[in-house]
Amino acid sequence: MRSPEGVDHWLRGIYREIVAPGRLVFTHAWLDTQGKPGKETLVTITLAERGGKTLLTLHQTGFQSVESRDGHKEGWTSTFDRLAEYLVGAA
């Protein structure tokens, strides 16, 4: 992942569950500058049809601190905001 300032942030994870078309579960761990993973979290994404649209629900667990949780929330929110902008442009 590249920040707006051009800094690369590396992470790794393992897909634990893939259930088409509505569920994805994977691990998530940031890597330090030597490539060593930090604390691993678990991300679950579900997709459900609601009135002809798709409801996406994201749940992430296993944070070391409230600050880590809040940082991930900010990152996911930014990502979904960009996805929404992209989808509006693609329509």
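Before any of the text, the structure's been laid out above.
Residues numbered from 1 in each chain as written. Predicted model: local features only at pLDDT ≥ 70, side-chain atom pairs only at ≥ 80, totals over all residues. Heavy atoms only, no water.

Quick word on the overall build of the protein chain
Part 1 of the reasoning: Within the protein chain, the secondary structure is distributed over 1 helix and 5 strands.
Part 2 of the reasoning: Seen in sequence order, the protein chain has helices and strands lined up from the N terminus as β-β-β-β-β-α.
Part 3 of the reasoning: Each of the three principal axes of the protein chain carries a C-alpha extent, and together these read 45 × 30 × 25 Å.
Part 4 of the reasoning: Among the 91 residues that make up the protein chain, the fraction classed as buried is 14%.
Part 5 of the reasoning: Of the contacts formed within the protein chain by residues at least 6 apart in sequence, a portion of 13% connects residues at least 24 apart.
Part 6 of the reasoning: A total of about 7,200 Å² of accessible surface is found on the protein chain, and carbon and sulfur atoms cover 58% of it.
Part 7 of the reasoning: Charge-centre separation for the protein chain: the mean point of 11 positive side chains lies 6 Å from the mean point of 11 negative side chains. (Helix = DSSP H or I, 4+ residues; strand = E, 2+ residues; numbered from the N terminus. Buried < 20%, exposed > 50% of the residue type's maximum accessible area, 1.4 Å probe, protein only. Contact = heavy atoms within 4.5 Å. Areas by Shrake-Rupley, 256 points an atom, 1.4 Å probe, with all protein chains shown as cover. Lys, Arg positive; Asp, Glu negative; His and termini not counted. Charge placed at Lys NZ, Arg CZ, Asp CG, Glu CD.)

A short note on the layout of surface pockets
Part 1 of the reasoning: The computed volume of the largest pocket comes to approximately 500 Å³.
Part 2 of the reasoning: Those elements giving two or more residues to the lining of the largest pocket turn out to be strand E3 (23–30) and helix H1 (66–90).
Part 3 of the reasoning: It is H1 that provides the largest number of residues to the lining of the largest pocket, a total of 8 residues.
Part 4 of the reasoning: Across the lining of the largest pocket, the residue classes tally to 6 nonpolar, 8 polar and 3 charged. (1 Å grid on protein atoms, 1.4 Å probe; cavity = no way out; pocket = protein on both sides within 12 Å on 5 of 7 lines; lining within 4 Å. Points joined across faces, edges and corners; volume = space filled by probe spheres on them. Nonpolar A, V, L, I, M, F, W, Y, C, P; charged D, E, K, R; others polar.)

Regarding the packing of aromatic side chains
Part 1 of the reasoning: All chains considered together, the criterion is met by 2 aromatic pairs.
Part 2 of the reasoning: Arranged with centres 5.9 Å apart and planes meeting at 20°, the rings of Trp 76 and Phe 80 form a pair that is stacked. Here Phe 80 and Trp 76 lie together in helix H1, a separation of 4 residues that amounts to about one turn. (Phe/Tyr/Trp six-rings, centres within 6.5 Å; stacked < 30°, edge-to-face > 60°.)

Points about the pairing of E3
Part 1 of the reasoning: Here strand E1 (residues 11–12) pairs with E3 via 2 bridges, running antiparallel. Paired with Arg 12 across the strands is Ala 29, a residue of E3.
Part 2 of the reasoning: Note that strand E2 (residues 15–19) and E3 share 4 bridges and pair antiparallel. For Ile 18, the partnering residue across the bridge sits in E3 and is Leu 24.
Part 3 of the reasoning: Hairpin connection of E2 to E3: 3 residues between the antiparallel strands.
Part 4 of the reasoning: Bridge analysis of E3 against strand E4 (residues 41–50) gives 6 bridges, and the strand direction is antiparallel. The residue bridging Val 25 from the neighbouring strand is Thr 44, located in E4. (Pairing = 2+ DSSP bridges.)

Focus: the pattern of salt bridges
Part 1 of the reasoning: Following the criterion strictly, the structure yields 4 salt bridges and no others.
Part 2 of the reasoning: Between Asp 8 and Arg 2 there is a salt bridge; the shortest N-O distance is 2.6 Å.
Part 3 of the reasoning: With relative accessibility at 37%, the residue Asp 8 sits in the partly exposed group.
Part 4 of the reasoning: Judged by its relative accessible area of 59%, Arg 2 is exposed. (Salt bridge = Lys/Arg side-chain N within 4 Å of Asp/Glu carboxyl O.)

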